[in-house]
Amino acid sequence: MFYRENGQFKTSYKSDQQIFPIPQDRWAIVAIVALAFFAVPMMVDEYLFRAILIPFLILSLAALGVNILVGYCGQITLGAGAFMAVGAYAAYNFLIRVSGMPALGAILLGGLTAAAVGIVFGIPSLRVRGLYLAVATLAAQFFWDWAFLRVKWFTNDASSGSVSVADISVFGWTIDSPSDKYLFCLGILVIFSLMAKNMVRGSIGRQWMAIRDMDVAATVIGIRPMYAKLTAFAVSSFYVGVAGALWGFVHLGSWEPAAFSIDRSFQLLFMVIIGGMGAIAGSFFGAAFIVILPIFLNQLLPVIGGWFGLEVSIALVSHVEIMIFGALIAFFLIVEPHGIARLWSTGREKLRLWPFPH
Amino acid sequence: MTGRKIGEVILDLKNISLSFGGVKALQDISFNVLEHEIRAIIGPNGAGKSSMLNVINGVYRPQEGEIILRGEHFANMNSYRAAKAGLARTFQNIALFKGMSVLDNIMTGRNLKMKANMLLQALWVGPAQREELEHRLKVEEIIDFLEIQHIRKTPVGRLPYGLQKRVDLARALAMEPQILLLDEPMAGMNVEEKQDMCRFILDVNDQFGTTVVLIEHDMGVVMDISDRVVVLDYGKKIGDGTPDEVRANPDVISAYLGASH
Ligand SMILES: Nc1ncnc2c1ncn2[C@@H]1O[C@H](COP(=O)(O)OP(=O)(O)OP(=O)(O)O)[C@@H](O)[C@H]1O
Ligand SMILES: [Mg+2]
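This report concerns the structure included in the present document. Since this is a predicted model, take the numbers as computed values, not measurements.

### Considerations on the sheet that holds strand β2 (residues 23-34) of chain B
All names here are of chain B.
Here is step 1 of the chain: If you walk across this open sheet you meet the 4 strands as β2-β1-β4-β5, and the pairing is antiparallel. At either end of the open sheet lies a strand with only one pairing partner, and these are β2 and β5 (72-74). Direction aside, the axes of adjacent strands within the sheet are offset by 20° on average.
Here is step 2 of the chain: Summarising the sheet, strand β1 (residues 9-20) and strand β4 (residues 64-69) pair through 5 bridges and their orientation is antiparallel. Looking across to β4, one finds that Leu-11 is bridged to Leu-69.
Here is step 3 of the chain: Strands β1, β2 and β4 of the sheet are contacted by helix α1 (residues 49-56), whose axis makes an angle of about 115° with β1.

### Description of the site of ligand 1
Residue and element names in this part refer to chain B.
Here is step 1 of the chain: Among the 14 residues in the neighbourhood of ligand 1, the closest are listed as Gly-46, Lys-49, Ser-50, Ser-51 and Gln-92.
Here is step 2 of the chain: Measuring from an oxygen atom of ligand 1, one finds a side-chain N or O atom of Lys-49 at 2.8 Å.
Here is step 3 of the chain: For the shell around ligand 1, the elements supplying multiple residues, two or more each, are β2 and α1.
Here is step 4 of the chain: If one sorts the elements of the shell around ligand 1 by residue count, α1 sits on top with 3 residues.

### Comments concerning helix α7 (residues 191-208) of chain B
Residue and element names in this part refer to chain B.
Here is step 1 of the chain: For α7, spanning 18 residues, the distance from its first C-alpha to its last is 25 Å, which sits close to the expected 26 Å at 1.5 Å a residue.
Here is step 2 of the chain: The residue sitting at the N-terminus of α7 and contributing the capping side-chain oxygen is Asn-190; that oxygen lies 3.1 Å from the backbone nitrogen of Glu-192.
Here is step 3 of the chain: Gly-209 occupies a position one or two residues after α7 and carries a positive phi of about 70°.

### A few points about the nonpolar core
Here is step 1 of the chain: Membership of the largest hydrophobic core comes to 152 residues, with the highest contact counts inside it found for A:Ile168, A:Trp208, A:Tyr239, A:Phe249, A:Trp255 and B:Ile148.
Here is step 2 of the chain: For this core, the element with the highest residue contribution is helix α3 (residues 46-72) of chain A, accounting for 16 residues.
Here is step 3 of the chain: Counting contributing residues, this core receives three or more from each of domain 1 (1-86 + 177-261) and domain 2 (94-176) of chain B.
Here is step 4 of the chain: When neighbours within four sequence positions are excluded, A:Trp255 is seen to be in contact with A:Ala88, A:Tyr89, A:Tyr92, A:Gly161, A:Ser162, A:Val163, A:Val165, A:Gly248, A:Phe249 and A:Phe260.
Here is step 5 of the chain: Counting 29 residues, the second largest nonpolar core, distinct from the first, contains B:Ile10, B:Leu18, B:Ala85 and B:Ile215.

### Focus: the packing of aromatic side chains
Here is step 1 of the chain: Tallying each qualifying case throughout the model produces 25 aromatic pairs over all chains.
Here is step 2 of the chain: Taking 5.9 Å as the distance between ring centres and 55° as the angle between the ring planes, the aromatic pair formed by A:Phe285 and A:Trp344 counts as tilted. Taken as a pair, A:Phe285 in helix α12 (residues 280-307) and A:Trp344 in helix α14 (residues 339-353) lie far apart in primary sequence, 59 residues in all.
Here is step 3 of the chain: Given the relative accessible area of 25%, A:Phe285 is considered partly exposed.
Here is step 4 of the chain: Ring geometry for B:Phe145 against B:Phe208: centres 5.5 Å apart, planes inclined by 45°, an arrangement best described as tilted. In this pair, B:Phe145 is assigned in helix α5 (residues 126-145) and B:Phe208 in helix α7, connecting sequence segments 63 residues apart.

### With respect to the pairing of strand β7 (residues 179-183) of chain B
Within a regular strand, side chains alternate between the sheet's two faces.
Residues and elements named next belong to chain B.
Here is step 1 of the chain: Most of β7 sits inside the fold, with 5 of its 5 residues counted as buried.
Here is step 2 of the chain: Side-chain alternation along β7 places Ile-179, Leu-181 and Asp-183 on one buried face and Leu-180 and Leu-182 on a second face that is also buried.
Here is step 3 of the chain: As paired elements, strand β6 (residues 87-89) and β7 share 3 bridges and run parallel to each other. Note that in β7 the partner of Ala-88 across the bridge is Leu-180.
Here is step 4 of the chain: Where β7 lies against strand β8 (residues 211-215), 5 bridges are found, and the strand directions are parallel.

### Some remarks on the packing of helix α11 (residues 262-275) of chain A against α12(A)
Helix-helix packing is characterised by the crossing angle of the two axes and by the distance between the axes.
Residue and element names in this part refer to chain A.
Here is step 1 of the chain: Two elements in contact, α11 and α12, have axes separated by 7 Å at closest approach and are oriented at 120°. In terms of orientation, α11 lies oblique with respect to α12. Seen along the crossing, α11 lies across α12 with a hand that is right-handed. Across the interface between the two elements, Gln-267, Phe-270, Met-271, Ile-274 and Gly-275 of α11 pack against Gly-282, Phe-285, Gly-286, Ala-287, Phe-289 and Ile-290 of α12.
Here is step 2 of the chain: Classifying every residue of the contact of α11 with α12 gives 7 nonpolar, 4 polar and no charged.

Procedures and definitions
- Residues numbered from 1 in each chain as written.
- Chains lettered and ligands numbered in written order.
- Predicted model: local features only at pLDDT ≥ 70, side-chain atom pairs only at ≥ 80, totals over all residues.
- Heavy atoms only, no water.
- Pairing = 2+ DSSP bridges.
- Helix = DSSP H or I, 4+ residues; strand = E, 2+ residues; numbered from the N terminus.
- Axes fitted to C-alpha atoms, helices over the stretch in contact; angles between N-to-C directions.
- Contact = heavy atoms within 4.5 Å.
- Near = heavy atom within 4 Å.
- Polar contact = N/O pair within 3.5 Å; in protein donor to acceptor, adjacent residues only side chain to side chain.
- Expected span 1.5 Å × (residues − 1).
- Core = buried A, V, L, I, M, F, W, Y, C linked by side-chain atoms within 4.5 Å.
- Buried < 20%, exposed > 50% of the residue type's maximum accessible area, 1.4 Å probe, protein only.
- Domains from an automatic or database assignment.
- Phe/Tyr/Trp six-rings, centres within 6.5 Å; stacked < 30°, edge-to-face > 60°.
- Parallel < 35°, antiparallel > 145°, perpendicular 65-115°, else oblique.
- Left-handed = near helix turned anticlockwise from the far one by under 90°.
- Nonpolar A, V, L, I, M, F, W, Y, C, P; charged D, E, K, R; others polar.

Quick look at the structure:
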């Protein structure tokens, strides 16, 4: 079966407006999602769930949020880690302070709180851009790092901001085993990804991209920069906040502010740059890459070192990791600003025409 | 020029002055635009033509003067109000949304008419989906009108210059404006592309009754298609009238001779 569009002419604009207008793509996505839901839980062991799959799903969600702001709306943020923290700690407070609060409700309210905070910290974007905006978002990071460490109320008087949440249950389903956690995060990621895709292919997404690409022309056709930018901050922070709440509630179980440090903010930004700015799939590519690379290097480098009779220390592995990230980020920023997602789609375009070069 | 009837004053500019630091871009300019007419603004480089359009649709705030649009006074025009009031424009240096396809660029021109809230859009249900389809149909009409069907899915950055200018016009038309401001729509085009563009402008004016304010350097084109012409030079108005009147105006002749060597 060839990857072809031949003979598949769209007969209505409605069918042309589907998320995946090419049937092969549609089936591929359905197959991947079905595999992820039904086959993966039967095939992988606990280590894979904990070390790779669950972090991948949650960080994909956070990267999706960052991508909406950075990739689609052209703003910059160095405070994504802080918004994860806001989501996590807000969800925690809703859970323990509101009696009868369901866990899922707390997670979503955590996201909404992050959205509100995101709007506040997005206000500087109405006046400044680029480096200045980066510094303003960095201030958010430092502020929340400080707040969760020092303001006891946020952490229910826990020392050093360390809090914990028991296994949650959602609509009577107790999410305690690794495969439950995986399925829960997967479900949320699928729903949030569809919603993100719908937004970026709709009117609000076009407004974000218009502001990103040419703000004067955007205002002249009636787009209000304030509305476009602040909605991007809100939606982005909502996604990042929900991811933070999941990271705390589902992945870690107990955490302290260091789980959402500036390192996390940079990591999320790198995911989006490497994966692909302005592409939903780019968020997944980036998250997969950044979750898997360290594990991969940890396995591989000692082996390679062994061939040459060298001892490879853990410190060396992490140095190599940082060097590879640095090189890749420079590569993607300079050569392919649209990241892995663009390399992927170029490859697919070639495949469409294969075996004819033109 | 058949089928269309020039109406009342739709846009009236009174004593507009605009300066950037020491540069006086516009000095005490007054002129008006009648409904359904094609009004040209001409003048040598740096005369203040683009600045004039920027004042009309609120990109620049003049220090003095007043804009009266359909009888409503705007001391402080801004781009959003201008867009809502039915003003659309194209840019001298094409200002398309580079990362988007032709179709999305034009769809963006409909944003003021799309009302579904963000949550409905995220869920892609009911009104949001209907609206998207409805506006797509309208945009397809514009695409047919401007004969750009073959490029609708192309990212605008990959298009040749002449087609980009056409997409810029398409995006403005998607707003279904009452007044269309065009900043050198034919600059840098070959003869054939210019003819196409002239035809489109005349058709828009004729079929939809859209009032057109046009900046153009090509005198042949200006004299051919415009009803009345304003001439600017160094930020001052030096002529105003029908193409024939302007052509016979000694100030205009000397400004152009002065500028041409
Ligand atoms: N944003 C700005 N900042 C400073 N000066 C400006 C700005 N915009 C325009 N000017 C100045 O105002 C004067 C008029 O410029 P404008 O672009 O309106 O001329 P124009 O008639 O459109 O010229 P051209 O035919 O070259 O497009 C020029 O001296 C220009 O340098
Ligand atoms: Mg100009």
